[in-house]
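Survey of secondary and tertiary structure
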Amino acid sequence: MPNWHRAGLIKTASQGDKSVSKITIWGRKSSVNVQSVLWCLDELDLAYHRIDAGFTYGVVTTADFLAMNPNGKVPVLVDADGPAIFEAGAILRYLATQYAAAPFWPETPAARAVVDKWAEWAKINFASQFISAVFWPLVRIPPSQRDYPAITAALGLVEKELAIADKVLANNAYLAGYDFSLADIQLGHCLYRYYDIDVRRADLPYLRAYYDRLQARPAFARHVMVSYDELRVTTG
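Residues numbered from 1 in each chain as written. Predicted model: local features only at pLDDT ≥ 70, side-chain atom pairs only at ≥ 80, totals over all residues. Heavy atoms only, no water.

1. Points about the layout of surface pockets
Computed from the structure, the largest pocket encloses a volume of approximately 760 Å³. Along the walls of the largest pocket sit 31 residues, with S31, V32, N33, K73 and V74 positioned nearest its centre. At the level of elements, α1 (32-43), α3 (88-99) and α4 (109-139) are the ones that each hand at least two residues to the lining of the largest pocket. In terms of residue count, α4 provides more of the lining of the largest pocket than any other element does, 6 residues in total. Tallied by class, the residues present in the lining of the largest pocket amount to 13 nonpolar, 13 polar and 5 charged. (1 Å grid on protein atoms, 1.4 Å probe; cavity = no way out; pocket = protein on both sides within 12 Å on 5 of 7 lines; lining within 4 Å. Points joined across faces, edges and corners; volume = space filled by probe spheres on them. Helix = DSSP H or I, 4+ residues; strand = E, 2+ residues; numbered from the N terminus. Nonpolar A, V, L, I, M, F, W, Y, C, P; charged D, E, K, R; others polar.)

2. Thoughts on the state of the cysteines
A full pass over the atoms with the stated rule returns 0 disulfides. With no disulfide of its own, C190 has C40 as its nearest cysteine by sulfur position, at a separation of 15 Å. (Disulfide = S-S within 2.5 Å.)

3. A closer look at the pairing of strand β3 (residues 23-26)
Here β3 shows no split at all, with I23 and I25 on one side and T24 and W26 on the other all buried. Here 4 bridges tie β3 to strand β4 (residues 48-51), and the two strands are oriented parallel to one another. Residue pairing for β4: T24 is matched across the bridge by H49. Considered for its hand, the β-α-β crossover made up of β3, α1 and β4 is right-handed. (Buried < 20%, exposed > 50% of the residue type's maximum accessible area, 1.4 Å probe, protein only. Pairing = 2+ DSSP bridges. Right-handed = clockwise from strand over helix to strand, strands pointing away.)

4. Topic: unusual backbone geometry
Here the residue pair V74 and P75 is connected by a cis peptide bond, since its omega of 5° sits within 30 degrees of zero. Within the element layout of this structure, P75 appears in the loop between α2 (63-68) and β5 (76-79). The peptide bond linking A102 to P103 adopts the cis configuration, its omega dihedral lying at 10°. Relative to the elements of secondary structure, P103 occurs in the loop between α3 and α4. Even without being a glycine, D45 presents a positive backbone phi close to 60°. The topology assignment puts D45 in the loop between α1 and β4. Its relative accessible area of 54% is what places D45 among the exposed residues. Positive phi, close to 75°, is recorded for E87, a residue that is not glycine. Within the secondary structure, E87 sits in the loop between β6 (85-86) and α3.

5. Here's the deal with the confidence of the model for the protein
Chain-level statistics for the protein give a pLDDT mean of 93 and a share of 92% at 70 or above. When the criterion is pLDDT under 50, residues 1-7 qualifies, and its contacts beyond four places in sequence or with other chains add up to 16 contacts. Within the model, pLDDT remains below 50 along residues 13-19, and this stretch shows 7 contacts once partners closer than five positions in the same chain are excluded. (pLDDT = per-residue confidence, 0-100. Contact = heavy atoms within 4.5 Å.)

6. Considering the packing of aromatic side chains
With the rule as written, the count across this model stands at 16 aromatic pairs. On the basis of an interplanar angle of 70° and a centroid distance of 6.5 Å, the ring pair of Y192 and Y228 is categorised as edge-to-face. You can see Y192 sitting in helix α7 (residues 191-196) and its partner Y228 sitting in the segment after α9 (218-223), a full 36 residues away along the chain. Residue Y192 shares its accessibility class with Y228, and that shared class is buried. Judged by centre distance (6.1 Å) and plane angle (80°), the rings of Y211 and F220 are edge-to-face. Above the face of the Y194 ring, R201 is positioned so that its terminal group lies 5.9 Å from the ring centre. We note R213 situated over the ring of Y174; from NZ or CZ to the ring centre the distance is 5.9 Å. (Phe/Tyr/Trp six-rings, centres within 6.5 Å; stacked < 30°, edge-to-face > 60°. Lys NZ or Arg CZ within 6 Å of the ring centre and 35° of its normal.)

Shown next as structure tokens:
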């Protein structure tokens with residue numbers, strides 16, 4: 001039987017298992033998808049080497065990188081001699097399966113599906129929509145070219161989804177239940193930007209309390225609550 005430590009997050013390898021990670025991740029710190037992976041790595045106490053890539057850092061158009069990810073996007077993760085893994089959701093599930101314990105990533109299919117369904121929900125219904133339709137238009141488009149009515153409408157749709165999380169969090173400390181899990185990585189990694197941008201937000205008290213709990217996690221503060229000033233377009 002494996003041993004578990006750090007509040008049930010980490011699987012301590014037994015003899016014959018991979019006990020030392022040799023992880024390399026490609027991606028810039030200002031990418032929300034990279035942040036989700038870095039946060040997870042830190043929560044699982046895994047050492048890694050990070051290489052800046054994407055945006056102004058380049059790398060993603062090189063032949064070597066495209067051999068790892070033909071989409072030319074970050075993050076990409078390689079663990080020791082394993083294959084290159086792209087898509088943040090796939091990377092998170094790999095790390096959880098390889099290194100995490102229950103309740104962060106339960107062992108039984110039924111219990112794992114409870115966490116995974118909320119992780120998928122958060123990625124598709126909140127994170128993807130928020131970044132593409134709200135955050136990106138407010139940060140990367142010159143002020144004179146921003147379609148504020150469209151952004152406001154998009155924010156309303158995003159907050160309809162967040163209201164679902166707010167209702168769940170009225171009774172649960174975390175998205176998939178009482179314990180912090182992979183689902184919280186997928187919901188939480190965009191909440192810093194949601195609460196940081198200059199918009200009028202809906203009154204979602206349980207979501208706000210949840211966000212406050214996440215802020216108390218050192219790994220969240222280190223990897224998610226970081227500047228995105230390099231992304232800002234402030235003139236034009």
